[in-house]
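Here is what each chain is made of, one letter per residue.
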Amino acid sequence: MTLGKYAGILLTAGIDNFSNTTETIETISNAQENLQAVAENPGMLQEWLEGLIPDILNFAFQVVIAIAIYVIGGKIIRWIVKLVGRSMDRAGADAGVKQFVAPLIKYVLYVLLIFLIMGLFGIATTSAVAVLGSAGVAVGLALQGSLSNFAGGVLILLLKPFVVGDYIIEDTNKNEGTVSEISIFYTKLLTVDNKVIVIPNGILSNSSLTNVTHMDKRRVDLIVGISYEADVRTAKEILKKIALEEPARLEEEEPVVYVDALGTSSVDMGLRVWVKAENYWQAKWRLTENIKYAFDEKGIAIPYQQIDVQIKQ
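Given the structure is predicted, the values throughout are model-derived calculations rather than measurements.

Definitions and limits used
- Residues numbered from 1 in each chain as written.
- Predicted model: local features only at pLDDT ≥ 70, side-chain atom pairs only at ≥ 80, totals over all residues.
- Heavy atoms only, no water.
- Core = buried A, V, L, I, M, F, W, Y, C linked by side-chain atoms within 4.5 Å.
- Buried < 20%, exposed > 50% of the residue type's maximum accessible area, 1.4 Å probe, protein only.
- Helix = DSSP H or I, 4+ residues; strand = E, 2+ residues; numbered from the N terminus.
- Contact = heavy atoms within 4.5 Å.
- Phe/Tyr/Trp six-rings, centres within 6.5 Å; stacked < 30°, edge-to-face > 60°.
- Patch = residues over 30% accessible without salt bridge, like charges linked within 9 Å, V, L, I, M, F, W, Y side chains within 5 Å.
- Areas by Shrake-Rupley, 256 points an atom, 1.4 Å probe, with all protein chains shown as cover.
- Salt bridge = Lys/Arg side-chain N within 4 Å of Asp/Glu carboxyl O.
- Pairing = 2+ DSSP bridges.
- Axes fitted to C-alpha atoms, helices over the stretch in contact; angles between N-to-C directions.

K.L.:
Teacher, can you tell me more about the nonpolar core here?
P.N.:
One recurring pattern in soluble globular proteins is that nonpolar side chains are buried together. Counting residues in each nonpolar core, the largest one holds 24 residues, and the members touching the most others are V220, I226, L271, V275, I291, F295 and I300. When residues of this core are traced back to their parent elements, those giving at least two are strand 6 (217-226), helix 7 (232-244), strand 8 (267-276) and helix 8 (280-298). Of the residues forming this core, the biggest block, 6 residues, is contributed by helix 8. Once residues within four sequence positions are removed from consideration, I226 is found in contact with V232, A235, S266, V267, M269, F295, I300, A301 and P303. Of all hydrophobic cores here, the second largest spans 14 residues; its members include I156, I168, I184 and I199.

K.L.:
What am I meant to see in the packing of aromatic side chains here?
P.N.:
Think of a pair of aromatic rings as described by two things: how far the centres are apart, and how the planes are tilted against each other in angle. Considering all chains together, one arrives at 4 aromatic pairs under this definition. Measuring from centroid to centroid gives 6.4 Å for F150 and F185, while their planes differ by 50 degrees, and the two rings are tilted. Taken together, the positions of F150 in helix 5 (residues 144-159) and F185 in the loop between strand 2 (175-182) and strand 3 (186-190) put the pair 35 residues apart, joining distant regions of the chain. With 5.9 Å between their ring centres and 35 degrees between their planes, W281 and W285 make a pair best called tilted. Taken as a pair, W281 and W285 lie in helix 8 at a separation of 4 residues, close to a single helical turn. What makes W281 partly exposed here is its relative accessible area of 45%.

K.L.:
Help me understand unusual backbone geometry, please; the structure alone is not making it clear to me.
P.N.:
Leaving glycine out, the prevailing phi sign among residues is negative, and the prevailing peptide bond configuration is trans. Phi angles above zero are rare outside glycine, and K160 is one such case at about 55 degrees. As for its position among the elements, K160 is in the loop between helix 5 and strand 1 (167-170). By relative accessible area, which is 42% here, K160 ends up partly exposed. At N194, a position not held by glycine, the phi torsion is positive, near 65 degrees. Following the sequence through the fold, N194 ends up in the loop between strand 3 and strand 4 (196-200).

K.L.:
Please clarify how a nonpolar patch on the surface should be interpreted in this entry.
P.N.:
Together, F59, V63, I67, Y70, V71, I72, I76, W79 and L83 make up a nonpolar patch on the protein surface, roughly 880 Å² of accessible area in all. On the secondary structure map, V71 appears in helix 2 (residues 43-91).

K.L.:
What's the story with the side chain of T187 in this structure? I'm lost.
P.N.:
Here T187 lies in strand 3. Under the relative-accessibility criterion, T187 is labelled buried at 1%.

K.L.:
Teacher, can you tell me more about the sheet that holds strand 6 here?
P.N.:
Sheets are built from strands paired through backbone hydrogen bonds, the pairs being either parallel or antiparallel. An order of 6-8-7 is seen for the 3 strands of this open sheet, with the pairing classed as antiparallel. At either end of the open sheet lies a strand with only one pairing partner, and these are strand 6 and strand 7 (256-262). Between one strand and the next, the sheet's axes are offset by a mean angle of 25 degrees, whatever the strand orientation. Inspection of the sheet shows strand 6 paired to strand 8 by 10 bridges, in the antiparallel sense. Residue pairing for strand 8: R218 is matched across the bridge by V275. Sitting on the sheet, helix 8 touches strand 6 and strand 8, and the angle it makes with strand 6 is about 25 degrees.

Shown next as structure tokens:
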């Protein structure tokens, strides 16, 4: 490349740099002129601020209206929820249905209230719904367990495997207790020792469970072992008498006494008595105690495990 060409390139670069520098200087000069104009004419800043005041007042008014709508809307929602609860009470709905439906209606109404306030600020509800729909897919994937629990709660209310007040046994983890609440996502059990067990609705709807108190009456089954030296006929008569004297026994159901098995060290006697579901445990405990007293009076031995210890010198 010749010296003339080098000179041409350098000259061109210098011209470009000079042009850029000139533009920068002009921009700074214009900014300085604007600041000088504002300084010389303070009324321009005042006019600009005065132009913002209506917008600020309008926004503040919208905020006040939004707060008022939220407060009034919240009171209306609470009134609607109470009205729905009273309607379900008059219709004789289950306590579990009321515990499930009331929060659901409350959440839906609050979502509608938020959409109403968004419309007040000029936000298109269709755009908000589209954004929520798109976000709902991601949230749904992240909250599959919660959605499963919600669906399980709906199935429990529709199929009614249990209702509030029933005593159930969850077979998977062996949790048991009286159903105290069926909420949107969880069911609460109250144990006999006054503990609260919270079980997801999805587990209860997808696994087996035992509803102990669903039926009006239950059968008390007792197995008592007697020694082989004891008279089986006498033992059966004693058991039959105790069953007939049980105050919680249902009169229309005849008690059953039988020989259940011939064990390795005892003759196992069986006793079956029907009682009301709410009297089950009291009847079982009372029968067991009375059997022990009666066998002791008649000299009928109840075998128990014994260990013979031999000491060698």
